[in-house]
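Residue-level listing of the chains:
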Amino acid sequence: MTNWLPNLSEGSGPLYLRLADRIESDIAQGILPSGSKLPPQRDLAYDIGVTIGTIGRAYALVRERGLVSGEVGRGTFVLGRETDQHTVIPDAPQPAFEGTRRSMEGSPSGRLIMDSTSAPDVGQADTVARILADVMRDHSGRALDYTRSWPEDWREAGSRWLGSGEWMPKPQCVIPTIGVHASAMAVIAAMTSPGDKIVFEQLTYSSIARSANLMGRRSIVVKLDAQGPDPEDFERVCAQQHPKVAFFIPSLHNPTLNIMQLQRRRQIAEIARRNNVWLIEDSIYGALLDEQPTPLSALLPERTFHIGGLSKTVAAGVRGGWVACPANLAPRIQVAHKMVTGGMPFMLAELSARLVLSGAADTIRQASRVEIEAREAIVREAFSGLDFVSHKRAPFIWMKLPDPWLSGTFKQAAASEGVLVDDEDEYKPGRTEEVYHRIRVGFSIVSREELKTGLTIVRRLLDNPNAGYDSYG
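Keep in mind that what you see is a predicted model, and the values were worked out from it rather than measured. (Residues numbered from 1 in each chain as written. Predicted model: local features only at pLDDT ≥ 70, side-chain atom pairs only at ≥ 80, totals over all residues. Heavy atoms only, no water.)

### Topic: the overall build of the protein chain
Note the cut-off: Counting from the N terminus, the helices are the DSSP runs of H or I reaching at least four residues and the strands are the DSSP runs of E reaching at least two. Accessibility here uses a 1.4 Å probe with only protein chains present; expressed as a share of the type maximum, an area under 20% marks a residue as buried, one over 50% as exposed, and anything in between as partly exposed. When checking whether two residues touch, look at their non-hydrogen atoms; a contact exists if any pair is within 4.5 Å. Residue exposure ignores everything except the shown protein chains as possible cover, and the areas themselves are Shrake-Rupley values with a 1.4 Å probe. In this charge count, Lys and Arg are treated as positive and Asp and Glu as negative; neither His nor the chain ends contribute. A single reference atom marks each charge: NZ on Lys, CZ on Arg, CG on Asp, CD on Glu.
Within the protein chain one finds 16 helices and 17 strands. If one aligns the C-alpha atoms of the protein chain with their principal axes, the spans along those axes are about 75 × 60 × 45 Å. For the protein chain, the proportion of its 473 residues judged to be buried stands at 52%. If you take every contact in the protein chain between residues at least 6 apart in sequence, the share linking residues at least 24 apart comes to 73%. As displayed, the protein chain offers around 21000 Å² of accessible surface, 49% of which is attributable to carbon and sulfur atoms. Both charge centroids of the protein chain, one from 53 positive and one from 56 negative side chains, sit 3 Å from each other.

### Things to note about helix α1 (residues 15-28)
As a reminder of what qualifies: Here the expected length of a helix is defined as 1.5 Å per residue gap, with one fewer gap than residues.
For α1, built from 14 residues, the straight-helix expectation of 20 Å at 1.5 Å per residue is met to within 8% by its first-to-last C-alpha distance of 20 Å. Within α1, burial applies to Leu19, Ala20, Ile23, Asp26, Ile27 and Ala28. Positive phi shows up at Gly30, right after α1, with a value of about 85°.

### So, the nonpolar core
The test is simple: For our purposes a nonpolar core is just a set of buried Ala, Val, Leu, Ile, Met, Phe, Trp, Tyr and Cys residues, chained together by side-chain atoms within 4.5 Å.
Met114, Met191, Phe305, Ile333, Leu355, Phe383 and Phe410 are the most contacted members of the largest nonpolar core, which has 90 residues in total. At nine residues, helix α7 (residues 180-191) tops the list of elements feeding residues into this core. In contact with Phe305, not counting residues within four places along its chain, are Val187, Met191, Trp278, Leu279, Ile280, Glu281, Val323, Ala324, Cys325, Pro326, Leu329 and Ile333. Core analysis: the second largest hydrophobic core is formed by 19 residues, Val50, Tyr59, Leu61 and Leu67 among them.

### Notes on the pattern of salt bridges
Pairs can form between side chains of opposite charge once their charged atoms are near each other. Rules: Think of a salt bridge as a Lys or Arg side-chain nitrogen and an Asp or Glu carboxyl oxygen that are within 4 Å of each other.
Counting across every chain of the model gives 27 salt bridges. Between Arg22 and Asp26 there is a salt bridge; the shortest N-O distance is 3.5 Å. On the criterion of helical spacing, the pair formed by Arg22 and Asp26 is a turn pair, its members being four residues apart in helix α1. One salt bridge in this structure joins Glu235 and Arg274, with 2.1 Å as the shortest N-O distance. Taken together, the residues Glu235 in helix α9 (residues 231-241) and Arg274 in helix α10 (residues 262-274) connect sequence positions 39 residues apart. Classification of Glu235 by relative accessible area gives partly exposed; the value is 26%.

### Some words on the pairing of strand β14 (residues 396-400)
Selection rule: The criterion for strand pairing is that DSSP finds at least two bridges linking the strands in question.
The element β14 is largely enclosed, with a buried count of four among its five residues. In the sheet, strand β13 (residues 388-389) pairs with β14 via two bridges, with the strands oriented antiparallel. Bridge assignment links Phe388 to a residue of β14, and that residue is Met399. Adjacent in sequence and paired antiparallel, β13 and β14 are bridged by six residues. Relative to strand β17 (residues 438-442), β14 runs antiparallel, the two being bridged by five bridges. Bridging across to β17, Phe396 finds its partner in Gly442.

### Brief notes about helix α15 (residues 407-416)
Those residues of α15 lying buried are Ser407, Phe410, Lys411, Ala413, Ala414 and Ala415. Considering only its buried residues, α15 is in contact with β15 (419-420), β16 (422-423), β17 and α16 (448-462). Gly418, located one to two residues past α15, shows a positive phi value of around 95°.

### Some remarks on the confidence of the model for the protein chain
Quick reminder of the rule: One number per residue, pLDDT, summarises how confident the predictor is, and it ranges from 0 to 100.
Looking at the protein chain, pLDDT values average 90 and 91% of them are 70 or higher. pLDDT under 50 marks residues 82-95. Its contacts with residues more than four places away, or in other chains, come to 22 contacts. Overall, residues 104-108 carries pLDDT values under 50, and its contacts beyond four positions in sequence, including any with other chains, amount to three contacts.

### Observations concerning the sheet that holds strand β4 (residues 174-177)
To keep things clear, this is the line we draw: Fitted lines through C-alpha atoms serve as axes, helices being fitted only where they are in contact, and the angles separating the N-to-C directions of these axes extend from 0 to 180 degrees.
Taken in spatial order, the seven strands make up an open sheet running β4-β12-β11-β10-β9-β5-β6, and their pairing is mixed. The open sheet has two edge strands, β4 and β6 (218-222), and neither has a second partner. Strand-to-strand, the axes of this sheet are offset by a mean angle of 25°, without reference to chain direction. Of the strand pairs in this sheet, β4 and strand β12 (residues 321-324) are connected by four bridges, and their pairing is antiparallel. What sits directly across from Val174, in β12, is Ala324.

### Some remarks on the state of the cysteines
Rules: Any two cysteine sulfur atoms lying within 2.5 Å of each other are counted as a disulfide.
Tallied over the full model, the rule gives zero disulfides. As a non-bridged cysteine, Cys173 has Cys325 as the owner of its nearest cysteine sulfur, 7.2 Å distant.

Pasting the structure below:
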């Protein structure tokens, strides 16, 4: 396609970067199909009125992104899916190493932490301490050493914890992990290569996207509606971008609290099946529901990795997590988890398994549900008359800000008053033109008295729109 002529009138920044972005965009949209030849550098430089060096820099950049290959004497060609799958990016752009949250080390003491949703304190410390003491008594040597073998109890515990309704993963398909984040990253490391694309909802737990970008994977965004990822847009993204993996949160979505209905789950599963996309189903908040919906794993077991853990229901510091894998892929995920994390600590894995198998985890989970429900009622009363989304089983709300507040400005204003909340950018896996003017307010970490204090401060700011014009440094 040597007659291709890019439109560089839109965008900003250096011409070579705009040209590289245009090439990438046209490849994604199919304007530059697999195998097509880009114009010779000298010809394109003449056609758009730039130096040949500018064209050379742009072509080199898209080659580093794994989109094209250059062949001496033949030209530059758009890579196909199979070639792209094995392309290694030597100098990928440096991703951001953190989100919008301030480092706790740099935060003044005394701030109310309402940007966290770890399991509330329901007196579980005594139970955890007792079981941990039993672990040390029974396995004093192994608990202090590397883990070289996995008791079957660890897999059985994961099977029980992840199972819901009629769906129960087989223990041999379950891998213990150091939490849900480690589960997702192990799957991404095992099932993708540098340069591969991963689909995320336009709002999500974006730390997975940032971690994937750090590993050389590329995040792409699918539109989100009241039930979850939009099927039509997911189909379009799959057809044009050819992602390898999609990461979705179908139950008590973070941060919108959406719950994907069965018909939508079937649509998403079918699209993934047709396009050979692996699914990562994050059910960390779904474990708080009294009855969990049919998981994607039950609808597409051969392509879905179902991940869950104890951080939102039992205790975040236990670092208990599991991933239920498609048949025959468990060994691959186990190896990837070891490579990504350094290995599974015996002490924590045994503690997590005993919490589940003894029934203690379920008891703590039920107490957490009761506490979260009571706190959610406090929040609803404090924010009466305002526009927000909540659920009696979720440890956070999704608050719409009144005019003229902007999400980031409100976060700064709340922080200056001693309250930490999350702005919407914390949940964006990539750049988007969509603006929600919302914040997420968590309420599971602070005490009830601290919660009431924090809610009073937030309500005062919300009711004082003129404060939105103030500068908070």
